[in-house]
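Working through the structure, step by step
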Amino acid sequence: MKVLKFGGTSVGTVGSLSNLKSIVDSLEEPAVVVVSALGGLTDRLIATARAASEGDSSFRSSVAEMATRHFDIIDALVPQSRREAVREVIAELLAGLEDIYTGVALIRELSEKTLSRIVSFGERMSSVIVAEILDNAEHRDSLTFMRTEKWFNRDIAARQLTDDLIREAFPLPLTRTVVTGGFISLDKDTGEITNLGRGGSDYTAALIAAALDADSLEIWTDVDGFMTADPRVIRDARVIESMSFIESMELCSFGAKVIYPPTIYPVFHKNIPIRILNTFNPSAPGTLITDSSENLSSDVRGVSSVKNTCMVSVSGSLTSNVAQINSRSYNAMARNGVSIFLVAQPNAATSFSMAVSELDADRAVEILSREFAPELQNGEVTGVSIERDLSVIAVVRESIKEIRGLGARLVNTLQREGIAVKAVSDGASESTIAIITSASDTDRSLCLIHTACFG
Ligand code: ADP
Ligand code: ASP
Ligand code: MG
């Protein structure tokens, strides 16, 4: 049994939904199909909510446009006999959405809780429609089985409970294809609507695949596969035929948007292969992601970049207890839910730097200043500082250390072109060399590094 996930662009128009239909209707056995909201709809739902919270009444016309977009698809693709019934379901959902917008406009306030409720309408509508477009499929509401719990200020999947509920919701073997919405969930304690974060439909599909021990997870999107770099930045990026789970995990967590980063772990853990495929070119072979370290090529697998990065540094005469400063820094960040992208220690005796997301940067400084308050007092640590507007460029391949001198060669390539390299993490990870530059140099650095690695 396969789990197939179709992203926003794959469910955006009558044309792309026709492709989805022929892909799913030609499967040999029933599958689980996870869909995103119609392309661009989540952004639209959010923008309309923000405008409503400022008292802007244009939400009524936005909802009317959303209705037209969904009804046009229903009229074009849902069989005549079911059209009216499906229109009614969508009209009822949109009426509920408009009521929420009316409330937001009245009180001029938009809480996170209300915003989560609002964005859920995208997947609730698309999944109902897709189930009706397919030849032999039924709809299952993902709010009945996807559960999250709070982790610091974020909602994360409540794995055990969700796994159990998925197994209850999808008794095997499937007798018909089942369509469900990605991204959306309920808080396991409060029952409020939550979600898995932007791009989270991939993760829903992976959790279903893992809970049901699926044979494979297919991510259907708008490019021919996982590419050597973001094709919007690097025009001659090429499709990667196959890669390992670890490589895809590294590239995605360093910004390759093609898969939402948490997606890979659940299927990796169950050794379920992932295929990245193109809804607009279904016969292209795509990219196969497996546990295939034996399939290693001698080349770099791919490069990616993540902007909005800051470096937080602890400095002083650290000579006597470098290891302790490092481990206390890690622990303090972990206890407070701050993820560290990478560490750099150009001079172990005087400073220790950690790259974190801009969103966490101020908190990271607070946490470290608190942790090292005694040392800051006695002068052993002279400061906790921050450098903003940086990017990380990641160069990925399993056992990357086997490519001798690669880190130094790439740093030279950038420096020759006048790009300042702020830090390098070469050798800390088995599979990634990470280079930190100014955010303004990101695309140029990515381009130079891609050319150096792939010609
Ligand atoms: P979906 O709506 O199907 O989830 P996304 O927009 O989330 O699609 O992801 C697909 C997009 O990811 C591609 O259109 C491409 O622009 C971008 N992308 C970024 N890095 C890569 C990469 N290394 N390989 C392929 N696509 C990438
Ligand atoms: N619709 C959601 C988003 O736009 C989830 C997804 O597409 O994966 O972020
Ligand atoms: Mg996506």
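Residues numbered from 1 in each chain as written. Chains lettered and ligands numbered in written order. Predicted model: local features only at pLDDT ≥ 70, side-chain atom pairs only at ≥ 80, totals over all residues. Heavy atoms only, no water.

1. Describing the overall build of the protein chain
Looking only at helices and strands, one finds 14 helices and 18 strands in the protein chain. Here the C-alpha radius of gyration of the protein chain, 24 Å, is about what a compact globule of 455 residues would show, namely 23 Å. For the C-alpha atoms alone, the extent of the protein chain along its principal axes is close to 75 × 55 × 40 Å. Here the protein chain holds 455 residues, and 53% of them are scored as buried. In the protein chain, 75% of the contacts between residues at least 6 apart in sequence involve partners at least 24 apart. (Helix = DSSP H or I, 4+ residues; strand = E, 2+ residues; numbered from the N terminus. Rg over C-alpha atoms; globule rule 2.2 N^0.38 Å. Buried < 20%, exposed > 50% of the residue type's maximum accessible area, 1.4 Å probe, protein only. Contact = heavy atoms within 4.5 Å.)

2. A word on helix α10 (residues 322-335)
Because each turn of an α-helix spans 3.6 residues, side chains separated by three or four positions end up pointing in the same direction. Taking 1.5 Å as the rise per residue, α10 with 14 residues should run 20 Å; its terminal C-alpha atoms sit 20 Å apart, in good agreement. Inspection of α10 places Ile 325, Asn 326, Arg 328, Ser 329, Ala 332 and Met 333 among the buried residues, and these make up the whole buried set. Positive backbone phi, at 75°, marks Gly 337, one or two positions downstream of α10. (Expected span 1.5 Å × (residues − 1).)

3. Quick look at the packing of aromatic side chains
Each pair of aromatic rings is reported with the distance of its centres and the angle of its planes. Summed over all chains, the structure comprises 8 aromatic pairs. In this structure, Arg 140 is placed above the aromatic ring of Phe 170, and the distance from its NZ or CZ to the ring centre is 5.6 Å. (Phe/Tyr/Trp six-rings, centres within 6.5 Å; stacked < 30°, edge-to-face > 60°. Lys NZ or Arg CZ within 6 Å of the ring centre and 35° of its normal.)

4. Examining the pattern of salt bridges
Pairs can form between side chains of opposite charge whenever their charged atoms are close. Enumeration over the complete set of coordinates arrives at 29 salt bridges. Between Lys 113 and Glu 192 there is a salt bridge, with the nearest N and O atoms lying 3.3 Å from each other. One end of the pair, Lys 113, is in helix α5 (residues 112-133); the other, Glu 192, is in the loop between β7 (184-187) and β8 (193-195), with 79 residues separating them in the sequence. Accessibility expressed as a relative area gives 48% for Lys 113, which makes it partly exposed. The shortest N-O distance in the salt bridge between Glu 430 and Lys 401 comes to 3.4 Å. (Salt bridge = Lys/Arg side-chain N within 4 Å of Asp/Glu carboxyl O.)

5. As for the site of ligand 2
Close to ligand 2 lie Ser 36, Thr 42, Glu 123, Phe 183, Arg 198, Gly 199, Gly 200 and Ser 201, which account for all nearby residues. Take Arg 198: an N or O atom from its side chain is 2.7 Å from an oxygen atom of ligand 2. For ligand 2, an oxygen atom lies 3.4 Å from a polar atom in the backbone of Gly 200. Coverage of ligand 2 by the protein amounts to 86% of the 260 Å² it exposes when considered alone. When its residues are assigned to classes, the shell around ligand 2 shows 1 nonpolar, 5 polar and 2 charged. (Near = heavy atom within 4 Å. Polar contact = N/O pair within 3.5 Å; in protein donor to acceptor, adjacent residues only side chain to side chain. Areas by Shrake-Rupley, 256 points an atom, 1.4 Å probe, with all protein chains shown as cover. Nonpolar A, V, L, I, M, F, W, Y, C, P; charged D, E, K, R; others polar.)

6. Re the state of the cysteines
Tallied over the full model, the rule gives 0 disulfides. Unpaired in terms of disulfides, Cys 447 finds its nearest cysteine sulfur in Cys 453, a separation of 12 Å. (Disulfide = S-S within 2.5 Å.)

7. Brief notes about the confidence of the model for the protein chain
Per-residue confidence for the protein chain averages 95 on the pLDDT scale, and 98% of its residues sit at or above 70. Mean pLDDT across the secondary structure elements of the protein chain bottoms out at strand β14 (residues 342-344), with 83, and peaks at strand β1 (residues 2-6), with 99. (pLDDT = per-residue confidence, 0-100.)

8. Some points on the pairing of strand β11 (residues 274-278)
Among the 5 residues of β11, 4 are classified as buried, and the element is accordingly described as predominantly covered. Sheet topology places β11 next to strand β12 (residues 287-290); 3 bridges connect them, and they run antiparallel. From the neighbouring strand, Ile 276 faces β12, where its bridge partner is Thr 287. (Pairing = 2+ DSSP bridges.)

9. Focus: the sheet that holds β8
Judged by pairing direction, the sheet is mixed, and its 4 strands sit side by side in the order β5-β4-β7-β8 without closing on themselves. In the strand order of this sheet, the two ends are held by β5 (154-157) and β8, each with one partner. Strand after strand, the sheet turns through a mean of 55° between neighbouring axes, direction not considered. Direction of pairing for β7 relative to β8: antiparallel, over a ladder of 3 bridges. Following the sheet pairing, Leu 186 is matched in β8 by Ile 193. The strands touched by α5 are β7 and β8; relative to β8, the strand with the most contacts, the crossing angle is about 75°. (Axes fitted to C-alpha atoms, helices over the stretch in contact; angles between N-to-C directions.)

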